[in-house]
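Analysis of the macromolecular model
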There are 2 protein chains.
Amino acid sequence: MILALAGGVGGARLANGLAHAVAPGRLTVAVNVGDDFTHLGLAICPDIDTVIYTLAGCNNRDVGWGVDGETWAFMDALNALGGPGWFNLGDRDLAKHVLRTERLRQGATLSQVTADFAECYGIRQHIVPMSDDPVRSVLETDEGELSFQDYFVRRRCEPRYRGIRFDGADSARMAPGLAEAFADPSLEAIVICPSNPILSIGPFLAVEAIHGALISRRVPCIAVSPFIAGETVKGPAAKIMRELGLVPGAASLASAYAGLVDIILCDLDDPAAGRRVHGLSFVASDTLMRDLLEQERLAHDVLNLALSIGSRT
Amino acid sequence: MILALAGGVGGARLANGLAHAVAPGRLTVAVNVGDDFTHLGLAICPDIDTVIYTLAGCNNRDVGWGVDGETWAFMDALNALGGPGWFNLGDRDLAKHVLRTERLRQGATLSQVTADFAECYGIRQHIVPMSDDPVRSVLETDEGELSFQDYFVRRRCEPRYRGIRFDGADSARMAPGLAEAFADPSLEAIVICPSNPILSIGPFLAVEAIHGALISRRVPCIAVSPFIAGETVKGPAAKIMRELGLVPGAASLASAYAGLVDIILCDLDDPAAGRRVHGLSFVASDTLMRDLLEQERLAHDVLNLALSIGSRT
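Because the structure is a prediction, the values reported are computed rather than measured.

All right, on to the pattern of salt bridges then. What the rule picks out here adds up to 30 salt bridges over all chains. For Asp-150 of chain A, the salt bridge is made with Arg-154 of chain A, and the minimal N-O distance between the two is 2.9 Å. Separated by 4 residues within a single helix, Asp-150 of chain A and Arg-154 of chain A lie in helix α6 (residues 148-154), roughly one turn from each other. On the accessibility criterion, Asp-150 of chain A (19% relative accessible area) is buried. Under the relative-accessibility criterion, Arg-154 of chain A is labelled partly exposed at 45%. Measuring nitrogen to oxygen at the nearest pair gives 2.9 Å for the salt bridge that ties Arg-217 of chain B to Asp-262 of chain B. Highlighted residues: Arg-217 of chain B in the loop between α9 (208-215) and β10 (221-224) and Asp-262 of chain B in the loop between α11 (254-257) and β11 (263-267), separated in sequence by 45 residues. Residue Asp-262 of chain B is classed as partly exposed on the basis of its relative accessible area, which comes to 29%. The network of salt bridges with common partners includes Asp-49, Lys-96 and Arg-100 of chain A.

Written out as C-alpha cells, the structure reads:
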C-alpha cells in the first residue's frame, strides 16, 4: 500500500501517476483541506476536487483547475445579479459544491462525501481529506491577513508572503482513512507530492497527529520537489520562497521536511541533485509531468526509490 | 396605482400585461410564496422567479417556467453524482437560488432580495412576495400529505386532491410592500390574476392580514378566471375542481372569492359569463394570453372594468 499527501495541481498529477502505477485499492491519496472555504454558503474544496477530476481523467487542462468542458452560465447569471464574480464556479463544478454542502449539513463527514464522489467518478483508489475537521489557511502578507482564497484567487498571489497560520489545526483530527493508511501493516511508502510545501503540505504538518505519524513512520517517506529550474509549473511556491529570502529549489524544502522525509526527489537540473543538505539526500529525476505518461514515469521513479530504501531498512 | 396578486404562469402573464398597461412604478405585483421550498439547501421561490422572468421578457416559453436559453450542465453533473434529479435546477436559474439563499442567510428579507433581483432584470414595477415569513402549502391527497413541490413536480399533480393547509400562515405577516400597496391612497384597483384559486391564491387568503385587507378594500377588486372551456392553460386547477366535485369554470371561483372580489372576469364561452352567481357578477372577455399583445389586451379589459366599477362607488 502507498500513501500520498497531495494538494494543488502538481500534487494531483503525481497522485494520478501513482493511481495508475499501483494496483486498484492500494493507494490512498490524502488531500489538503487548508484551501477549503465557504463561498455563497457553499462548501468548496478545491484540492479535493482537483484530485478527483485528475484521477477521473476529466480535469480541465486549459485552466489548470475544474472539470473538462466546463460551462459558465451560472457565473454569467450571477454577475448579472450583482453577485460576487471573483471566484469562478463552473456549472458542472457547482453540482459537487451544492451536493457536498447539503450532505455535510445533513451530518455526513467530508470523508464520506469525498469517497462517494470519487466512486461516482469511477476512481478505484482511496481519496481522503487530510481531516474531516475544518483547517483553514490564513496568510500574513504585506496587505494584512488574507484567507487562502482571498490571497490565491482574489489577489492572484500578488501580496508579499510573510507567514501563515492554519486555523483549526490545533483541534483537528486526522481523517479516519488517513489514520488507517498510516497504520496499515501493508503500507510500503509515503509520498509527499510535488505540492507547495507551505500552502499545500503545511496544513497537514500543522495537525499534530499527522506530523507525529510522519515522524514515527516505519516506512520510507519520499518528498518530490515542485521546483523545476527555480520555478514551479503552477502556483506561487517559487515567489513565496524568494519572499522568504530563500532560493527556490529542492534545497529550500529541507527545513520544511526535515525529520519527516528520507529522501527528496528533485528535478535533474536542480542544484541540490545528488547532494545531501541538512541531512537529507536529494536524488534527481525528470519531474516534469505534462501528460499521463510522464505522471506514471515519475510515479515509478518515486516508488522504485522508496522500495530501494525500504529494502535497506 | 394597481395591485395585482399573482401565482403561477397565468398569473405572471396577466401581471406582465398590467406591467405594460400601467405607468412604471404604478403597479405592485404581490406573489404567492406557498410554492417556495428549500431544496439542496437552496431557497427556491418558483412563483417569484416566474414573475421576474416574465416581466423581464426572458421567461422560457417552451417549458413554461424558468429562463429563456437555460442550460442544464449542473443537473447533468448532479445526476452523475447521484444527487436528487426530480427537481430541475437550470444553470442560470441557480444563480438566483444561490444568491437568494446567501442573502437571506445574511439577514436580508425576501422582499429586499426580490426587489434587487427585479431591478437587476430591468423591471420597472414593484414585485413583492406576499410575505417575508415562510408560508408553505401542504396538500392532503389520497397518497397522504404532500408538500407542494412533492405534489406538483415529483408526483406531477397525479394524486387526488382532498385539501390543503398553509404552514406558517397563522403567524405570517403581510410583506411591507404589499401592506403599502393596500394602504396607498392612490390605489385604484386590486386584480386577482388568473391563478389557481386554491394553490396560488389560497396562501394569500390564509394570511389574516391579507384576507382582512381584501375584505375592507375601498377600491374595486377584480378576479380573472383561469378557466377556459373548463380547463386551464397550465396547472391542475381544473383537475382539482373536478376532484372536489365542482365543474371547472369561473363559477367554481365564487366560493373561494366571495366577499373578496366585486367582479369575476371570465372567458367568453364560460357558462357563468353575464350571470350572477353567489352574489358575484361574471363579466366575459377573451382571457387567453398567448403573447404580450394578448396579455396587454386582457390587462386593459381588467383595468377598464375596474375603473367602470370604481366610478360607480
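Overlaying chain B on chain A yields an RMSD of 0.0 Å, the required transformation being a rotation through 180° with an accompanying axial translation of 0.0 Å. In short, the pair behaves as if placed about a two-fold rotation axis. Relative to the rotation axis, the closest C-alpha in chain B is found at Asp-91 of chain B, a distance of 3.0 Å. Most of the interface of chain B is mirrored in chain A: 100% of its interface residues are interface residues there too.

Residues and elements named next belong to chain B. Taken together, the 8 strands give an open sheet; going across it, the order is β5-β2-β1-β9-β10-β11-β13-β12, and neighbouring strands pair in mixed fashion. Of all the strands in the sheet, just β5 (126-129) and β12 (276-277) have a single pairing partner and so form its edges. As paired elements, strand β1 (residues 2-6) and strand β9 (residues 189-192) share 4 bridges and run parallel to each other. Residue pairing in the sheet places Leu-5 in a bridge with Ile-192 of β9. Across the sheet, helix α1 (residues 8-21) touches β1, β2 (27-31), β9 and β10, and the angle it forms with β2 is around 170°.

This part covers unusual backbone geometry. Its identity is not glycine, yet Arg-156 of chain A carries a phi of approximately 50°, on the positive side. You can call Arg-156 of chain A exposed: its relative accessible area is 64%.

Residues and elements named next belong to chain A. The strand order across the open sheet built from 3 strands is β7-β6-β8, with neighbouring strands paired in antiparallel fashion. The open sheet has two edge strands with one neighbour each: β7 (144-147) and β8 (161-167). Neighbour to neighbour, the strand axes of the sheet diverge by 25° on average, direction disregarded. Strand direction decides the pairing type here: strand β6 (residues 136-141) and β8, joined by 6 bridges, are antiparallel. Across the sheet, the residue bridging to Leu-139 is Ile-164, located in β8.

Let's shift gears to the packing of helix α4 (residues 91-105) of chain B against helix α5 (residues 110-120) of chain B. Residue and element names in this part refer to chain B. Interhelical geometry of α4 versus α5 gives an angle of 140° and a closest axis separation of 10 Å. Comparing the axis directions of α4 and α5 gives the class oblique. The handedness of the crossing between α4 and α5 comes out as right-handed. Only Leu-110, Gln-112, Val-113, Asp-116 and Phe-117 of α5 make contact with α4, whose side of the interface consists of Lys-96, Leu-99, Arg-100, Arg-103 and Leu-104. For the contact of α4 with α5, a count of residues per class yields 5 nonpolar, 1 polar and 4 charged.

Right, let's talk about the state of the cysteines for a bit. Enumeration according to the criterion identifies 0 disulfides over all chains in this entry. Note on Cys-45 of chain B: no disulfide assigned, nearest cysteine sulfur contributed by Cys-120 of chain B at a separation of 16 Å.

The rules behind each value
Residue positions are given per chain, counting from 1 as you read along its sequence in written order. By the order in which they are written, chains take letters starting at A while ligands take numbers starting at 1. Where local features are concerned, this predicted model is filtered to residues with pLDDT of at least 70; where side-chain atom pairs are given and counted, the filter is 80 or more; whole-chain, interface and lining totals use all residues. Note that water and hydrogens are dropped before the side-chain values are worked out from all heavy atoms of the structure. The salt bridge criterion pairs a side-chain nitrogen of Lys or Arg with a carboxyl oxygen of Asp or Glu, the two atoms within 4 Å. Only DSSP runs of H or I reaching four residues or more are called helices, and only runs of E reaching two or more are called strands; each is numbered from the N terminus. To sort residues, take the accessible area from a 1.4 Å probe on protein chains only and compare it with the maximum for the residue type: under 20% means buried, over 50% means exposed, and anything in between is partly exposed. All copies are superposed by least squares; the fitting set is the C-alpha atoms of residues with a pLDDT of at least 70 in both. Any two residues whose heavy atoms approach within 4.5 Å at even a single point are treated as in contact. Note on pairing: DSSP must find at least two bridges between two strands before they are called paired. Here, axes are lines fitted to C-alpha atoms. For helices the fit covers the stretch in contact, and angles between N-to-C directions go from 0 to 180 degrees. Each angle gets one of four labels, with under 35 degrees taken as roughly parallel, over 145 as roughly antiparallel, 65 to 115 as roughly perpendicular, and the rest as oblique. The sense of a crossing depends on the near helix, which, turned anticlockwise from the far helix by less than a right angle, makes the crossing left-handed and, turned clockwise, makes it right-handed. Amino acids are sorted into nonpolar (Ala, Val, Leu, Ile, Met, Phe, Trp, Tyr, Cys and Pro), charged (Asp, Glu, Lys and Arg) and polar (every other residue, Gly among them). By convention in this document, the label disulfide applies to cysteine sulfur atom pairs within 2.5 Å.

All quantities given are derived from atomic positions and should not be read as evidence of function.
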